[in-house]
Amino acid sequence: MQVHFSKKRKLFRLDTEHISYLFRIGPSGELRHIWFGSRIDDDAIIEEFAVRRGTSSFSPHPEGLSPEDSLDLLPLEHSTYGAGDFRITASALRKENGTSVTSAVYRSHKIFKGKKKIPGLPSSFSQSKDSMTLEITMEDGFSGAEIILSYSVFADSDVIARSVRVSNPTETVIRVEKLLSAQLDFHSADFDVVYLKGMWAKERQAVRHPLIPGIQSFSSSRGATGHQYNPGIVFAEPSASEKAGDVYGMLLLYSGNYIAEAEVDQYRTLRALIGINPENFEWKLEPGETFYAPEALLFFSAEGLGGLSRISHRFLIDHVIRSPWVHRERPVLINNWEATYFNFDDKKILKIAEEASKLGIEMLVLDDGWFGERNDDRSSLGDWFVNRKKLGNLAALVRKINDLGMKFGLWFEPEMVSENSNLYRKHPDWVLCVPGGRRSIGRTQMVLDMSRRDVVDSLFRSISSVLHSANIEYMKWDMNRNLTEIHSRLLPPDRQKETAHRYVLGVYELHERLLKAFPNLLIESCSGGGGRFDAGMLHYAPQIWCSDNTDALERISIQLGTSLFYPSSSMGAHVSVCPNHQTHRTVPFSLRGHIALGGTFGYELDITRLTPDEKDLVRKQIRNYHHWNRIIREGEFHRLTEGFGRSDFAAWCWVSPDRREALAAAVRKTSEPCGINPPVHLRLRGLDPEMLYELDDHRRAHGRTLMNAGIRIPNAETDASSILIHLKAV
Ligand code: DGJ
């Protein structure tokens, strides 16, 4: 890795093992983007990439310079509103005189070892010898504000981590109307865009289509990242496949309102931006203050979508997820939600734990309904004390579960409050709402104003007192509705547009404080399933419940879509009962195990009601989990079929870091008459071509054969047939 500045050519250059990133200072102080992609040796020959010709008077240029210096034309590192660039822009700063016209002119830079934390926000980390940072200070010529761009590279990753902050060294107030974290200007727009769309119970379905002229954006204004889109975007050359082709990605480390935008402009070039959604956002910067935008990661792979995913997985595991659990085998858990919903007491929970422990399950997670007077979803959120009528003494129950050799985990929904709760009766002013105005209700609950310090303090006290009261080793942090009437009673009128971002900062702060008090706590994040599945949450919680949809067939496209950016070890996945509670579909128990194995693995059913055959399968699945979890957690993930699991046949595999072991899974969703499904020769990936592998049925073949010719997958005789193939070097 290296970061270099050529004074003579005013050129910045960042390199990692396989990628290079270059830009230079232009005549009006603008930063002109030259190159991001595969590693290159010579920079002089590509310097002219930052020159574009063919402008018109409708693309104006800075006074005193030539038409070719038009900011509307050039590939830039950071574009600003209103000063000659008519494309989508990265920043707009409003001054006391009311203007939002902004410029960004190079003033100075520094290059240093290591990487700074971003105050209050999640960010990637590394040892100081393993990363380098370039910080460039630009000045808004219309206000004197400093826009500081930060670029970090890492010794072991082909990733550029970018962030931006604005400081106000002036004597007057500056308002940040828009500050996007990263901009990528491409020299052409000949790309497919790939992104993740969805809804509750159908999250992160990967979509791919060619870019078309104009602006395409996806975003959230829900106060959380949401089930609908994910804060990441990929641009793939049209011929790129899972295994080959140039592919670029941008991923935001943020859990609130975001936007990812792409504009194909009049000159048929592409500008991409990612960051906080500027809609209804504004931040007041008093003299001397700084506003920090979240970090964005830039990925490039010449090895197709699969290559990009592997870069992202590795980076998130090594540099973003900070939990000590990230490299540990997670306990196989049983969650009582789909087994009991609200209808349980301590005896039922203990019965589930007893049966589960006999089968090898290692942790019981008590879900919603253990606190306050909560027997349905209409009350008690916020009352984080044990419902003794239902559960007796929690510490005693946990001791009994621990005596069975099992750990214990507990569900919370910290950010919410029910109208029917002691907390709301005491603090009705703690919810987000417009005083005197109508409120929107979701699941009969309201959203606490996490931008308030007193709210965060109170939650920290009540949650940590429960966590202290018993041996609770895991916490499921849920969030079951989005933010509406985003108005904080504590903020003055001219700061109301800060509320949504301050809310996210409050959520992060509560995570920070809980993890400081309970450093080994395993947090599983959740938002009605995967409604807040993002790299910001992963900084605190090494796993996120992927979806409330536990149907194994549906989970294929959910989990493969999620794998566009996120590693298998971050995806909460459980074996649940059939007929499935969301789709009413029945699929084999073995398939349910195969799919859950592709995530953190656990059970979510009434284990006391399983048949003896199913119990045998549970024992077998748990044995397999222990055998293979290291490969799944630490290995390389390859999607072996195109289309992210949305077609009838889908397959994927993990290969251990030393390439001596691999595990593949293949699923056919529907069978056809007379067994005519065309035979599939499943070609594996990521193996060592020279190495001789043995399958579980003792057949042997070299990596080269297994990758070039493949393994015959038997024809499907029933719907929902699946197979696991395990290979070990001999
Ligand atoms: C939504 C979660 O996704 C479920 O797993 C469960 O915890 C419920 N909330 C409980 O209310």
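Note that the structure is predicted; figures quoted are calculated from it, not measured.

The rules behind each value
Residues numbered from 1 in each chain as written. Predicted model: local features only at pLDDT ≥ 70, side-chain atom pairs only at ≥ 80, totals over all residues. Heavy atoms only, no water. Helix = DSSP H or I, 4+ residues; strand = E, 2+ residues; numbered from the N terminus. Rg over C-alpha atoms; globule rule 2.2 N^0.38 Å. Buried < 20%, exposed > 50% of the residue type's maximum accessible area, 1.4 Å probe, protein only. Near = heavy atom within 4 Å. Polar contact = N/O pair within 3.5 Å; in protein donor to acceptor, adjacent residues only side chain to side chain. Areas by Shrake-Rupley, 256 points an atom, 1.4 Å probe, with all protein chains shown as cover. 1 Å grid on protein atoms, 1.4 Å probe; cavity = no way out; pocket = protein on both sides within 12 Å on 5 of 7 lines; lining within 4 Å. Sits in = over half its atoms within 2 Å of the grid points. Nonpolar A, V, L, I, M, F, W, Y, C, P; charged D, E, K, R; others polar. Salt bridge = Lys/Arg side-chain N within 4 Å of Asp/Glu carboxyl O. Axes fitted to C-alpha atoms, helices over the stretch in contact; angles between N-to-C directions. Parallel < 35°, antiparallel > 145°, perpendicular 65-115°, else oblique. Contact = heavy atoms within 4.5 Å. Disulfide = S-S within 2.5 Å. Points joined across faces, edges and corners; volume = space filled by probe spheres on them. Phe/Tyr/Trp six-rings, centres within 6.5 Å; stacked < 30°, edge-to-face > 60°. Domains from an automatic or database assignment. Buried area = accessible area lost by both parts, 1.4 Å probe. Left-handed = near helix turned anticlockwise from the far one by under 90°. Pairing = 2+ DSSP bridges.

## Let's talk about the overall build of the chain
Helices and strands together make up the secondary structure of the chain, namely 13 helices and 39 strands. For 730 residues, the compact-globule formula gives about 27 Å, and the C-alpha radius of gyration of the chain, at 26 Å, lands near that figure. Seen through its C-alpha atoms, the chain measures out along the principal axes to roughly 85 × 70 × 45 Å. In the chain, which comprises 730 residues, the share counted as buried stands at 63%.

## Notes on the site of the ligand
The local shell around the ligand holds 13 residues, among which D367, D368, K476, D478 and D548 are the closest. R443 places a polar side-chain atom, nitrogen or oxygen, 2.9 Å from an oxygen atom of the ligand. One nitrogen or oxygen atom from the side chain of D548 is found 2.4 Å from an oxygen atom belonging to the ligand. Within the complex, 98% of the 290 Å² of free accessible area of the ligand lies under protein. The pocket occupied by the ligand, as judged from atoms lying within 2 Å of grid points, is the second largest pocket. Each residue belonging to the shell around the ligand can be placed in one class, and the counts come to 4 nonpolar, 3 polar and 6 charged.

## A closer look at the pattern of salt bridges
If charged atoms from side chains of opposite charge come close, those side chains can pair. The final tally for this structure, using the stated rule, is 62 salt bridges. Put simply, D376 and R378 hold a salt bridge, and the shortest N to O gap is 2.8 Å. For R378, a relative accessible area of 53% puts it in the exposed group. Several salt bridges converge on common partners, so that one network encompasses R94, R175, E177, E282, K284, E286, D494, R495, E498 and R502.

## Notes on the packing of helix α3 (residues 346-359) against helix α12 (residues 612-634)
With their axes 9 Å apart at the nearest point, α3 and α12 run at an angle of 60° to one another. Between α3 and α12, the interaxial angle falls into the category oblique. Of the residues in α12, those in contact with E355, K358 and L359 of α3 are K615, V618, R619 and I622. Here the contact of α3 with α12 is composed, by residue class, of 3 nonpolar, no polar and 4 charged.

## Details of the state of the cysteines
Evaluation of the coordinates by the stated rule reveals 0 disulfides. There is no disulfide at C526, and the cysteine sulfur nearest it, in C546, is 11 Å away. With no disulfide of its own, C653 lies closest to C546 among cysteine sulfurs, the gap being 19 Å.

## A word on empty space enclosed by the protein
Counted by the stated rule, this structure contains 5 cavities of 30 Å³ or more. Volume-wise, the largest cavity comes out at about 90 Å³. Lining the largest cavity are R555, I556, Q559, L560, S563, S568, M571, I595, G598, F637, W652 and W654. In terms of residue class, the lining of the largest cavity is built from 7 nonpolar, 4 polar and 1 charged.

## A short note on the packing of aromatic side chains
Inspection of the entire model under this criterion finds 38 aromatic pairs. Seen in terms of ring centroids, F191 and Y248 are 5.9 Å apart; in terms of plane orientation they differ by 85°. Their pairing is edge-to-face. Within this pair, whereas F191 is found in the loop between β10 (174-186) and β11 (192-199), its partner Y248 is found in strand β15 (residues 247-252), the two being separated by 57 residues in sequence. Of the residues examined, F191 reaches a relative accessible area of 11% and is grouped as buried.

## A word on helix α11 (residues 589-596)
Of all 8 residues making up α11, 7 are buried, and the element is well covered by its neighbours. Looking at α11, one finds that the buried residues are F589, L591, R592, G593, H594, I595 and A596.

## Quick look at the domain arrangement of the chain
On domain assignment, one finds that the chain holds domain 1 (2-319), domain 2 (333-417 + 451-480 + 522-633) and domain 3 (649-729). Placing a centre on the C-alpha atoms of domain 1 and another on those of domain 2 gives a separation of 37 Å. Where domain 1 abuts domain 2, roughly 2,400 Å² becomes buried across the two surfaces, and 57% of that area is made up of carbon and sulfur atoms. For the interface between domain 1 and domain 2, the tally reads 1 salt bridge.

## Focus on the side chain of T562
Its place among the elements puts T562 in helix α10 (residues 552-562). Separated by 2.8 Å, the side chains of T562 and R204 make a polar contact. From its side chain, T562 meets the backbone oxygen of I558 in a polar contact 2.6 Å long. T562 has contacts with R204, F533, C546 and M571, leaving out every residue within four places of it along the chain.

## Some thoughts on the packing of α10 against α11
At their nearest, the axes of α10 and α11 sit 9 Å apart, and the two run at 20° to each other. With respect to each other, α10 and α11 are oriented roughly parallel. Crossing of α10 against α11: the hand is left-handed. For the pair α10 and α11, contact is made by A552, L553, R555, I556 and Q559 and by L591, R592 and I595, respectively.

## A look at the sheet that holds strand β36 (residues 692-695)
Taking strand neighbours across the sheet as the criterion, the 6 strands line up as β32-β33-β34-β39-β36-β37 in an open arrangement whose pairing is antiparallel. On the outer flanks of this sheet lie β32 (636-639) and β37 (700-702), each paired with one strand and no other. On average, adjacent strands in this sheet sit at an angle of 25° to one another, irrespective of strand direction. Pairing geometry for β36 and β37, over 3 bridges, is antiparallel. Residue Y693 lies in a different strand from β37, and its bridge partner there is A701. Across the sheet, α10 lies against β32, β33 (649-655) and β34 (661-668), angled at about 55° from β33, the strand it touches most. Of the strands in this sheet, β32, β33, β34 and β39 (721-729) are in contact with α12, which crosses β34 at around 85°.

## Things to note about the layout of surface pockets
Estimates place the volume of the largest pocket at around 770 Å³. Surrounding the largest pocket, 35 residues form its lining, D158, G307, R310, I311 and E636 being those nearest its centre. Elements with a minimum of two residues in the lining of the largest pocket: β9 (157-167), β20 (296-301), α1 (304-320), α12 and β32. With 7 residues, the top contributor of residues to the lining of the largest pocket is α1. Classifying every residue of the lining of the largest pocket by side-chain character gives 12 nonpolar, 13 polar and 10 charged. By volume, the second largest pocket is sized at about 430 Å³. Lining the second largest pocket are 25 residues, with W200, R443, N480, G528 and D548 sitting closest to its centre. Within the lining of the second largest pocket, the residues separate by chemical class into 7 nonpolar, 9 polar and 9 charged.

## Digging into the sheet that holds strand β4 (residues 31-38)
Pairing is antiparallel across the open sheet formed by 4 strands, whose spatial order is β1-β2-β3-β4. Edge positions in the open sheet fall to β1 (2-6) and β4, since each of these has one partner strand only. For this sheet the average axis-to-axis angle between neighbouring strands, irrespective of direction, equals 10°. Of the strand pairs in this sheet, β1 and strand β2 (residues 11-15) are connected by 5 bridges, and their pairing is antiparallel. For Q2, the partnering residue across the bridge sits in β2 and is D15.

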